[in-house]
Amino acid sequence: MDTTVAEIIRAQLDSLTKSERKIAKLLLEDYPVSGLAGIPSIAEAAGVSAPTIVRFVAKLGFKNIAEMRERLQAEISTRLASPLERIGPADSHAPITLLGSSEAELLDAVTRSFVSVNPNELEQFIRLLCDLDREIIPIGGRISHVLAQHLSWSLQVLRPHVRVARPSVGERINLLLDVDDHSVVVAFDYRRYQPDTIRFVEVAKAEGATVLLVTDPYLSPAAKNADVVLTSAIGSSGVFDALTPSFALIEALLTLVAKRLGGPATDRLVKYEKLTAKILEDDQRVIGSYRGQG
């Protein structure tokens with residue numbers, strides 16, 4: 001998969017001038033649509049001069065803005081691709097060597113995801129997850145909810161005040177009742193993006209929440225309301241987008257959180273083990289009593 005324009009911009013954020021940062025912010029907030037405009041429109045919206053736009057585009061590695069727009073238009077088609085378009089013709093004799101090919105693709109996707117992480121954004125992400133005065137609210141879409149659930153369950157063992165936003169609309173509305181400037185929403189959203197997740201992020205942001213977004217290189221529209229954005233590769237030769245890189249990223253984040261929290265995480269794990277032993281002991285006692293009755 002070619003590197004997206006968003007990835008190129010995000011990789012250079014730390015080296016951009018103040019004016020160039022304005023352009024980057026504009027392009028990333030309404031990605032990729034904002035980049036399809038002409039130089040005058042982008043310059044006016046970003047509050048910079050036309051020559052600054054030209055220099056910015058050149059810094060990204062494009063010959064001119066037309067070349068950048070061409071890349072963005074190609075991305076839009078890829079961004080909206082469905083599993084049906086990727087399934088290909090039936091092959092009842094597909095070679096078993098496809099397993100090795102898939103392994104290589106997934107390993108490469110994980111590597112690219114880790115390499116693309118901006119150290120400053122990663123530090124903000126970890127710092128917020130470790131702030132015990134804040135409530136953490138992971139949320140995902142129809143498929144990516146599994147990522148939110150995994151992060152939520154693991155964080156609950158390491159720290160207090162973690163509640164996952166379940167798919168039910170009613171439950172999400174109830175959750176929003178308590179969202180304020182002490183809330184941190186961790187949203188997972190990938191291409192063919194989920195309108196309800198995007199809307200939840202928008203409303204939570206308006207209520208004062210800090211938003212951490214994990215998305216694909218094409219950027220969910222939720223990025224417009226995100227304070228920190230991490231991306232992970234999703235491309236594969238398979239029918240469905242790969243979530244393996246995102247799971248790997250979550251595991252790495254959890255390791256960093258546990259180390260950063262230190263004592264509080266250790267104390268909570270000790271309590272967790274004691275409670276687990278007690279619950280399992282009670283379960284065995286109940287099972288034993290039923291067997292005795294039999």
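The shown structure was predicted, so the numbers you read here are calculated from the model rather than taken from an experiment.

Ordered by their spatial adjacency, four strands build an open sheet running β1-β2-β3-β4, and the pairing between neighbours is parallel. If you trace the sheet from one side to the other, it starts and ends with β1 (135-139) and β4 (228-231), each paired once. Ignoring which end each strand starts from, the neighbouring axes of this sheet average 15° apart. Where strand β3 (residues 210-215) lies against β4, four bridges are found, and the strand directions are parallel. For L212, the partnering residue across the bridge sits in β4 and is V228. On top of the sheet, helix α11 (residues 195-206) reaches β1, β2 (183-189) and β3; it is set at about 160° to β2, its chief contact.

A word on unusual backbone geometry. Note that the residue after Y31, namely P32, is joined by a cis bond; omega there is 0°. Of note, P32 is situated in the loop between α2 (18-29) and α3 (39-46). Of note, the phi angle at R192 is positive, near 65°, even though the residue is not glycine. Looking at the element boundaries, R192 is found in the loop between β2 and α11. Positive phi, close to 70°, is recorded for L219, a residue that is not glycine. Along the polypeptide, L219 turns up in the loop between β3 and β4.

Time to look at the pattern of salt bridges. Close approach of charged atoms allows side chains of opposite charge to pair. For the structure shown, the criterion picks out twelve salt bridges. As a salt-bridge pair, R134 and D131 come within 3.1 Å of each other at their nearest N and O atoms. The exposure class of R134 is buried, given its relative accessible area of 18%. A residue is classified by how much of its surface remains accessible, and D131, at 26% relative accessible area, is partly exposed. The salt bridge involving D196 is made with R172; its shortest N-O contact spans 3.5 Å. Of the two residues, D196 sits in helix α11 while R172 sits in helix α10 (residues 169-176), which places them 24 residues apart along the sequence. Within this structure, E135, R163 and D178 form a network of salt bridges that share partners.

If pLDDT is low for a region, its predicted coordinates should not be looked at in detail. On average, the chain scores 87 in pLDDT, and the residues at 70 or more come to 86%. Taking the mean pLDDT of every element in the chain, the minimum, 53, falls on helix α6 (residues 83-86) and the maximum, 98, on β1.

Taken as a whole, this structure holds one aromatic pair when the rule is applied. Between W153 and Y272, the aromatic rings sit 6.4 Å apart at their centres with planes inclined by 90°, giving edge-to-face as the arrangement. Residue W153 is located in helix α9 (residues 145-158), and its partner Y272 is located in helix α13 (residues 263-293); the two are separated by 119 residues in the primary sequence. Accessibility expressed as a relative area gives 48% for W153, which makes it partly exposed.

Volume-wise, the largest pocket comes out at about 510 Å³. The set of elements that each furnish at least two residues to the lining of the largest pocket consists of α2 and α8 (119-129). Class assignment for the residues of the lining of the largest pocket results in seven nonpolar, three polar and ten charged.

The next subject is the nonpolar core. Counting residues in each nonpolar core, the largest one holds 45 residues, and the members touching the most others are I9, I23, I53, F56, M68, V185 and F200. Filtering out sequence-adjacent residues up to four positions away, I9 remains in contact with A24, L27, L28, F56 and L60.

The rules behind each value
- Residues numbered from 1 in each chain as written.
- Predicted model: local features only at pLDDT ≥ 70, side-chain atom pairs only at ≥ 80, totals over all residues.
- Heavy atoms only, no water.
- Pairing = 2+ DSSP bridges.
- Helix = DSSP H or I, 4+ residues; strand = E, 2+ residues; numbered from the N terminus.
- Axes fitted to C-alpha atoms, helices over the stretch in contact; angles between N-to-C directions.
- Contact = heavy atoms within 4.5 Å.
- Salt bridge = Lys/Arg side-chain N within 4 Å of Asp/Glu carboxyl O.
- Buried < 20%, exposed > 50% of the residue type's maximum accessible area, 1.4 Å probe, protein only.
- pLDDT = per-residue confidence, 0-100.
- Phe/Tyr/Trp six-rings, centres within 6.5 Å; stacked < 30°, edge-to-face > 60°.
- 1 Å grid on protein atoms, 1.4 Å probe; cavity = no way out; pocket = protein on both sides within 12 Å on 5 of 7 lines; lining within 4 Å.
- Points joined across faces, edges and corners; volume = space filled by probe spheres on them.
- Nonpolar A, V, L, I, M, F, W, Y, C, P; charged D, E, K, R; others polar.
- Core = buried A, V, L, I, M, F, W, Y, C linked by side-chain atoms within 4.5 Å.

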